Structures are given as structure tokens and as C-alpha cells.
Amino acid sequence: MITNHIYNQYDPQDPSPRDTVFFFRRGEVLIRTLPSGEYRCPTVEEAGSQCLRYLFRIDDTCYFMREESETVPEGYEYVNIRHTRTLSPHDLSFAVMTGYHLYQWYHYHQFCGRCGTRLEHHPRDRKMICPECGHAVYPYVKPAIIVAITDGDRLLLTTRPGHDIRALVAGYCEIGESAEEAVSREVREETGLAVTDLKYFGTQPWGYDANLMIGYFARVKGDPTPHPDMNELSGAVWVPREEIEDQAIPSLGSEMIMYFKYHGWFSEEVPSEEYFRF
Ligand SMILES: [Zn+2]
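Note that the structure is a prediction, hence the values are computed from the model and not measured.

(A) Representation of the domain arrangement of the protein chain in the model. Split by domain assignment, the protein chain resolves into domain 1 (6-108), domain 2 (110-140) and domain 3 (142-264). For domain 1 and domain 3, the distance between their C-alpha centres works out to 31 Å. Taken together, the contacts link twelve residues of domain 1 with nine residues of domain 3. Surface buried jointly by domain 1 and domain 3 totals about 1,000 Å² across both partners, of which 62% is contributed by carbon and sulfur atoms. The largest share of the area that domain 1 buries against domain 3 comes from Arg82, Arg85 and Met97, three residues that together contribute 58% of it. Taking the shortest distance from any N to any O, the salt bridge between Asp209 and Arg82 comes out at 2.4 Å.

Listed below in C-alpha cells is the structure:
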């Protein structure tokens, strides 16, 4: 359920003591686990107001990232960024994931891709500018599809090598193809199946990988026997609705699996906004 709103336009604010600071390093974020089991990130009061880069605001709290930090506030530790998926509060995990999306963009765009000069921050817009040749670099979002393949009251769930979590088929949209074409191609490549009757479910920003996930339901067409690509998957099985397990970790894929478990084929005309964020 959405209880907050992200203001992601580039409108840098001065840090106030209770705002939040993300310390990122490759694949990790600095957190502290509270006695309640929930976690938090440092405040400006704890982190100091130097070297902060404004990210966005959620309701009345501004979020910053600390650049070039060799020291960190006492009592905090770095954890794998994806570990925050499993932690509460989920709205902080959404902020961490989205901040990490921006961190990666800043981190990997320090030099001009055209002439190699060090890029500079544009004073008013979220973009990096080359002072030598004028080349401008904007934040990017990579679209990817996720698809609930159904056969009557059965849902196709897949596993990947090294993971025991059952998940939906997903993959990147390639250049020159629509999201719907990406669904057909990914399903064919990963499972050997054909699909029809695509039904849009909704989207979700997924900042860990700079993605926008685009969710569809689809019906299998023809022979329903999966032939999984064993380079990508370790298995693909049809699971009856009543045997689908509840999903503990919030994501678009989890929402789709749970929707099918409790309602069957997705038939709402206007997807509800509340499905698609933490
Ligand atoms: Zn340049």
C-alpha cells in the first residue's frame, strides 16, 4: 500500500538534521539494525552536512547520498544492497533502492564518453555536462518485462541456478522491440513456450538494477510442456493455484503471483496503483 509520495524532480534542498543520508559503496549500503528488528540509515545530524548530493524527497524527508566518504557514523555497518529487500520498513527499502539507482548513475558517469574530459554537475538539472564538448548525460532507466504465464488454473514458476526461489520469467527489453515482443521472446528463449492474450498488469521501478519492470499476464499457446534453457534456468514447473506459496518479499513479481493465487487470471480493467510500490 502506498502511504507516501516521492518527489523526484531535481530541486536540491538544503539538508536539515533529520533528513536521511545514504552511504553507498559498490553493491552495499550503510545501515543500523534497531532492537525492534527494523533498520535505519544515518541522519544528516549523524553524518554531517558536508559532501552531500541531493537525491529526492519523500513526503517531508529529503534524501542525500554522501560522496567520497572514508569515515562512517558509529554504530552503522555496510550490508549487501539487496539485503534491504527483506527488511522493514519497506518504504525505506524503496528509498534505498531508488537512491542506489542514482548513485550508480553518478558513479559510472564521471567522464565524458565522447572526449574523456571529467564531467561537471549541471547546476539546475539532473544531468552531467562535459565542459569541453558540451555532451550531456542524463539518468537512465532500463525497461524489463516480467510475465505470469498461465495455463488455466496453473502458473509457470521458474528457478535459477544457485537460487531456490520460484519466480516468474523476466528479462530486458532489447533495442527495437516493444515490451510485448520482449515478453514473447523471453518466454520462448527461457522456457520454449509460446504465449498469447497478453494482459498488462502494471509497472514497478526497480532501482537495484536501474530497471522499470513491466508486468504482464499471458496464456500459454499450444503444447504447455516447458523446455527450460538450462543456461538461464534450473527448472520450470506448472504450479496449481492452491499450491502457490505466499510471497514474503514485496515486488511486482510477488504481487502478480499472489494475485493469481487468490483471484486467477488478471481481469481488472484499470490496474490499482497500490500493487506496484513497496
Ligand atoms: Zn566531452
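(B) The sheet that holds strand 1 (residues 6-7), seen in detail. One open sheet accounts for four strands, arranged 1-6-7-2; its pairing is mixed. A strand with exactly one partner marks an edge of an open sheet, and here the two such strands are strand 1 and strand 2 (20-22). Bridge analysis of strand 2 against strand 7 (residues 61-66) gives three bridges, and the strand direction is parallel. For Val21, the partnering residue across the bridge sits in strand 7 and is Phe64.

(C) Summary view of the sheet that holds strand 10 (residues 128-129). The three strands are arranged 9-10-11 in an open sheet whose pairing can be described as antiparallel. Edge positions in the sheet fall to strand 9 (120-121) and strand 11 (136-137), since each has one partner strand and no second. The sheet contact formed by strand 10 and strand 11 spans two bridges and is antiparallel. In the sheet register, Ile129 faces strand 11, and the bridge partner there is Ala136.

(D) Structural view of the pairing of strand 13 (residues 154-159). Of all six residues that make up strand 13, five are buried, and the element is covered over most of its length. Direction of pairing for strand 12 (residues 142-151) relative to strand 13: antiparallel, over a ladder of two bridges. Residue pairing in the sheet places Thr150 in a bridge with Leu155 of strand 13. Hairpin connection from strand 12 to strand 13: two residues lie between these consecutive antiparallel strands, with Gly152 at a positive phi of about 65°. Sheet topology places strand 13 next to strand 17 (residues 235-240); six bridges connect them, and they run antiparallel. Pairing of Thr158 across the sheet is with Ala236, part of strand 17.

(E) Quick look at the layout of surface pockets. Put simply, the largest pocket is a space of about 1,200 Å³. If you trace the largest pocket, you find 35 residues lining it, with Arg85, Ile165, Ala167, Leu168 and Trp206 closest to the centre. If you list the elements that add at least two residues to the lining of the largest pocket, you get strand 12, strand 13, strand 14 (169-172), strand 15 (194-206), strand 16 (211-221) and helix 4 (252-263). Here the lining of the largest pocket takes four residues from helix 4, the largest share from any one element. Of the residues assigned to the lining of the largest pocket, the class counts are 15 nonpolar, eleven polar and nine charged.

(F) Spotlight on the coordination of the zinc ion. Taken together, Cys112 (SG), Cys115 (SG), Cys130 (SG) and Cys133 (SG) make up the full set of protein donors to the zinc ion, lying 2.3 to 2.4 Å away. Between the four donor atoms coordinating the zinc ion, the angles at the centre fall across 100 to 119°, so the site counts as tetrahedral. Between consecutive donor residues of the zinc ion, the sequence gaps follow C-x2-C-x14-C-x2-C. One end of the pair, Cys112, is in the loop between helix 2 (90-108) and strand 9; the other, Cys130, is in the loop between strand 10 and strand 11, and 18 residues separate them in sequence. Across this residue pair, the class does not change: Cys112 and Cys130 are buried.

So, how was this worked out
Residues numbered from 1 in each chain as written. Predicted model: local features only at pLDDT ≥ 70, side-chain atom pairs only at ≥ 80, totals over all residues. Heavy atoms only, no water. Domains from an automatic or database assignment. Contact = heavy atoms within 4.5 Å. Buried area = accessible area lost by both parts, 1.4 Å probe. Salt bridge = Lys/Arg side-chain N within 4 Å of Asp/Glu carboxyl O. Pairing = 2+ DSSP bridges. Helix = DSSP H or I, 4+ residues; strand = E, 2+ residues; numbered from the N terminus. Buried < 20%, exposed > 50% of the residue type's maximum accessible area, 1.4 Å probe, protein only. 1 Å grid on protein atoms, 1.4 Å probe; cavity = no way out; pocket = protein on both sides within 12 Å on 5 of 7 lines; lining within 4 Å. Points joined across faces, edges and corners; volume = space filled by probe spheres on them. Nonpolar A, V, L, I, M, F, W, Y, C, P; charged D, E, K, R; others polar. Donors = N, O, S within 2.8 Å, 3.2 Å for Na, K, Ca; no water. Tetrahedral: all angles 85-135°; square planar, octahedral: opposite > 155°, others 65-115°.

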